Amino acid sequence: LAMKSLGSEGLFLFSSLDTNNDLYLSPEEFKPIAEKLTGVAPVSELEEEEVPDPSGETLSVVAKFQPLLMETMTKSKDGFLGISHVALSGLRNWTAPAVPMSVLLARQFKAFLPPKNKVDLGDPWWIIPSELNIFTGYLPNNRFYPPPPKGKEVIIHKLLSMFHPRPFVKSRFAPQGAVACIQASSTFYYTIAFRIHAEFQLNEPPDFPFWFSPGQFTGHIVLAKDSSHVREFKLFVPNSRSLNVDMEWLYGASESSNMEVDIGYLPQMELESTGPSIPSVIHDENGNVIDSRDPSGEPIQFVFEEITWQQQIPWEEAARRLEVAMYPFKKVSYLPFTEAFERAKAEKKLVHSILLWGALDDHHWGNTAKLLPPPLAGSGRTLRETVLESSPILALLNHSFVSSWSLVKELEELQSNRENELHSKLAALHLEKYNFPVEMILCLPNGTVVHHINANYFLDITSMKPEDVESNIFSFSTNFEDPSTATYLQFLKEGLQRAKPYLQS
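What you see as residue numbers is a count from 1 along each chain, following the sequence as written. Two thresholds apply to this predicted model, a pLDDT of at least 70 for residue-level local features and 80 or more for giving and counting side-chain atom pairs, whereas whole-chain, interface and lining totals are computed over all residues. Heavy atoms throughout the structure, all of them, feed into the side-chain values; hydrogens and water do not.

A. Representation of the packing of helix α11 (residues 455-462) against helix α12 (residues 483-504). The axes are straight lines fitted to the C-alpha atoms, using for helices just the contacting stretch, and the angles between their N-to-C directions are given from 0 to 180°. Only runs of H or I of at least four residues qualify as helices and only runs of E of at least two qualify as strands under DSSP, and these elements are numbered from the N terminus. It is at 9 Å that the axes of α11 and α12 come closest, and there the two elements cross at 125 degrees. Classified by the interaxial angle, the pair formed by α11 and α12 is oblique. Between α11 and α12 lies a crossing whose hand is right-handed. Mapping the contact onto sequence places F458, I461 and T462 in α11 and P483, S484, T487 and Y488 in α12. Three classes are used, and their members are as follows: Ala, Val, Leu, Ile, Met, Phe, Trp, Tyr, Cys and Pro are nonpolar, Asp, Glu, Lys and Arg are charged, and the others, Gly among them, are polar. Split into classes, the residues belonging to the contact of α11 with α12 amount to 4 nonpolar, 3 polar and no charged. For classification, angles of less than 35 degrees are called roughly parallel, those exceeding 145 degrees roughly antiparallel, those between 65 and 115 degrees roughly perpendicular, and all remaining angles oblique. The crossing is said to be left-handed when, going from far helix to near helix, the turn is anticlockwise and less than a right angle, and right-handed when the turn is clockwise. Whether two residues are in contact is decided by their heavy atoms, any of which lying within 4.5 Å being enough.

If you want it as structure tokens, here you go:
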């Protein structure tokens, strides 16, 4: 009935808004569409900015920055042929942090404190909520200057401005914003882990926009529960993978202008406190203001009590909780490539592998498909925000598969490494099936591919009406599921069926 009333596209939109699947849209479920149509968020949600006490403690923060390695960009392979020097000028000229050192008020970091209902270890909350999803679309590309930050955005904007003068604390694509959780707790202090999805605009008029989007910013803060004192602070862009930045630039000032996309490697982008926050004004025991230097002119040295943590979880666990908050599809563990095959062999399961040009769990994943015309654009992002997050897919992947994702560049390096023939062969079997921008692959523990589908083809067939699909290779479910979920389930089940003779032997 729902399919008959709405059609496949309408049903897809409705069912994805209907988060509890009761065939009724509550005001809360309809909110993303209301905000998109009106452009107005409820006034009650906008927090008033609090002005910190200027006589409170201050924290010194230093910025460390090594520019992007130009040779890691795909376009560097042909010497940036056809790309104007002007387009990359903002990138080439960004060689040092805009503000190497900044002194901030400790109470400005109050934005990192948990709300009253989020005091359990590892229970995530949003510092800056993500306001985008697949239905609200994405924010415009043709912008140069960030909107004025509000509420909790202010401190994050101030921190990111140390790297570059034009940070956008809300990225153009979902999931945007900042999420945090408590990693450790003592009587008076929290260690709070956080993850931020933000980006920078490197160009100014008359040049055209150039977007620089690190995969993520992460870090931690040790903060007094009343925000009066910061013991330590660190924020950084992870650099453990071979590519960690997405770049997009326009060849015109309008939203419809042609766009180039590339990825690259940034060795270092981090902020770190030089020490604990210290009083900006010092009082003696009688309440009188005293000089911050001793009689010999040396700064007064402060002694800080040692913090005894009563509860804590490992950093890796906190980081995973933040990752799942940003990306519900990560409720399924995605193992490193070679480890996935070892696990699959031990558990006699298939490997569910996603091979792609840019990273799966960084906020820019899927932008690469914008090189392609609509309706194929954004294929990776669409998959991540729909089928890979749906309950039936999560359940089947957890039960019957070992999941992994890899960058094409990483598998090319693995293939060329002749020191481990097995790993080289596994990589080669994957790369044989890869088509830009994203390929989903199901294979045996020995690397033999039993089924695969390109993300753009997948989205193409699931956007068609069921009666228009000639082949029954990927059929639609008659149950109340969106076509994408039903088709991906069919893809997984067919892979299991094809693999039966091998898994049973």
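B. Layout of the sheet that holds strand β22 (residues 449-454). The rule for pairing is simple: two strands pair if DSSP sees at least two bridges between them. Pairing is mixed in the open sheet, where 5 strands are placed in the order β18-β20-β19-β21-β22. On the outer flanks of this sheet lie β18 (334-335) and β22, each paired with one strand and no other. Inspection of the sheet shows strand β19 (residues 350-356) paired to strand β21 (residues 438-443) by 6 bridges, in the antiparallel sense. Each residue of the ladder has a partner; that of L356, found in β21, is V438.

C. Spotlight on the sheet that holds strand β12 (residues 259-264). Read across the sheet, 5 strands follow the order β4-β7-β8-β11-β12 without closing on themselves; strand pairing throughout is antiparallel. Only two strands of the sheet have a single partner each, and these edge strands are β4 (167-168) and β12. Here strand β11 (residues 245-250) pairs with β12 via 6 bridges, running antiparallel. Opposite V245, over in β12, you have G264 as the bridge partner.

D. Region of interest: the side chain of S400. With respect to the helices and strands, the residue S400 is situated in helix α8 (residues 391-400). For S400, a relative accessible area of 14% puts it in the buried group. In this structure the side chain of S400 is engaged in a polar contact, spanning 3.0 Å, whose partner is the side chain of H399. Discounting residues that sit within four places of it in the chain, S400 has contacts with K349, L350 and L496. For the exposure calls, accessible area comes from a 1.4 Å probe over protein chains only, and a residue counts as buried if that area is under 20% of its type's maximum, exposed if over 50%, partly exposed in between. Two N or O atoms form a polar contact when they lie within 3.5 Å of each other; inside protein one atom must be a possible hydrogen donor and the other a possible acceptor, and for residues adjacent in sequence the pair counts only when both atoms belong to side chains.

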